[in-house]
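Chain residues, written in single-letter form:
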Amino acid sequence: MLPFYNFIWLTVVAILGLMLVDMMLKAERPLFKAMAVRFNVFLLCCLGVQAWSVWMGQQKPEGYVLREDTVVDGFPLPAGTKLHFRWKKDIESYEYAVFPKPVEWKGVMIKAVERKFYDQNMGEGVFLKLAEVADQKPVWSEGWLCRVDDAEDFGWKYVGTKDKRMSSPDDYRLTGCKLDDSFALPVPQLGENVQLGLREVRYIESDESGKVWLAWLASENMPFTGLITLDDKKNIVEIEIEPKQTDILGCVFNNVSLLTWKREQPDIWTVSAHQKAENELVEEHNVKQPETCWGRRLVYKY
């Protein structure tokens, strides 16, 4: 599918070409006819160049095989690695690398890696994404047990100095991954010894929240869904829970849409309830909404 600007360009060329053809057919003076012919030839050349550039942009990246071990931005590329480029055939600007044999990187055996220069959650930079792995076993990365069989969101951001020529795994920061089913996060805000399974984790940078981890709860076989926010040291900053049923870990609620815990008020859970629950009566059971749960006070917002 052609980009919008290519469509506009081709439309303008077609309109000008038709105008010049009409001029050429209706022109009575030989000079005007010759000028129209020259302009049509020029437009055809421009059209050909544009079509060639569009075709080139749709082709697979060009390949280049490294003859010796190389390090680009702290990431080692062994001899025999096949690099792919989009436009500029420069080792520093490769976008895809296929290794001659699997290489170990931060606990993962990698067969191919994709290199990007922008991430929607972390802005500009150098990012490495798993493209193909040799071993499907989950691996620990920065305290998270990541799946590699579903590596679409598994990657790292380079945080070291530009053009670093020494291999430096510590200069790459995990940007996120899908988590293994066996991973569980201790959440004492919901009771002593409570651990919750997580589905996915992402590291983001924003002006509003700074640098934080976002961890989505694995909602299968759970009475709620939710999101947990952790700081850079993986301390829980905020918890948001959306109930799927009335009984949540031993506490029974009625017409509740959201429960929120924040580190600034560690002894309080804020409960967002619908207007129907203003009398704090659970109609089905004829009991009041709880005032405390999991050792913390509940504050209702209607």
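Residues numbered from 1 in each chain as written. Predicted model: local features only at pLDDT ≥ 70, side-chain atom pairs only at ≥ 80, totals over all residues. Heavy atoms only, no water.

1. Considering the environment of Asn254
Looking at the secondary structure, you find Asn254 in the loop between β18 (251-252) and β19 (256-262). Note: C-alpha distance between Asn254 and Lys288 (34 residues apart in sequence) is 9.1 Å. (Helix = DSSP H or I, 4+ residues; strand = E, 2+ residues; numbered from the N terminus.)

2. Observations concerning the packing of aromatic side chains
This structure, assessed with the given rule, holds twelve aromatic pairs. Relative to Trp105, the ring of Phe75 has its centre 4.7 Å away and its plane inclined at 75 degrees; by these criteria the two rings are edge-to-face. Highlighted residues: Phe75 in strand β3 (residues 75-77) and Trp105 in strand β5 (residues 96-105), separated in sequence by 30 residues. Phe75 sits in the buried class, given a relative accessible area of 1%. Ring centres 6.5 Å apart and planes at 70 degrees place the aromatic pair Phe75 and Tyr172 in the edge-to-face group. With a gap of 97 residues between them, Phe75 in strand β3 and Tyr172 in strand β11 (residues 172-178) connect regions that are remote in the sequence. The rings of Phe75, Phe99, Trp105, Tyr158 and Tyr172 are connected pair by pair, giving a single aromatic cluster. The aromatic ring of Tyr94 is capped on one face by Arg115, whose charged end is 4.6 Å from the ring centroid. Its guanidinium or amino end placed over the ring of Tyr203, Arg173 lies 4.0 Å from that ring's centre, counting from NZ or CZ. (Phe/Tyr/Trp six-rings, centres within 6.5 Å; stacked < 30°, edge-to-face > 60°. Buried < 20%, exposed > 50% of the residue type's maximum accessible area, 1.4 Å probe, protein only. Lys NZ or Arg CZ within 6 Å of the ring centre and 35° of its normal.)

3. A few points about the pattern of salt bridges
Enumeration over the complete set of coordinates arrives at eight salt bridges. Measuring nitrogen to oxygen at the nearest pair gives 2.9 Å for the salt bridge that ties Asp73 to Arg115. A residue pair is termed long-range when its members are at least 10 positions apart, and Asp73 in the loop between β2 (70-72) and β3 and Arg115 in strand β6 (residues 108-119) qualify at 42 residues. Its salt-bridge partner being Arg173, residue Asp232 comes within 3.0 Å of it at the nearest N-O pair. In this pair, Asp232 is assigned in the loop between β15 (224-230) and β16 (236-243) and Arg173 in strand β11, connecting sequence segments 59 residues apart. Ionic contacts of the salt-bridge type, sharing partners, join the residues Glu142, Arg173 and Asp232 into one network. (Salt bridge = Lys/Arg side-chain N within 4 Å of Asp/Glu carboxyl O.)

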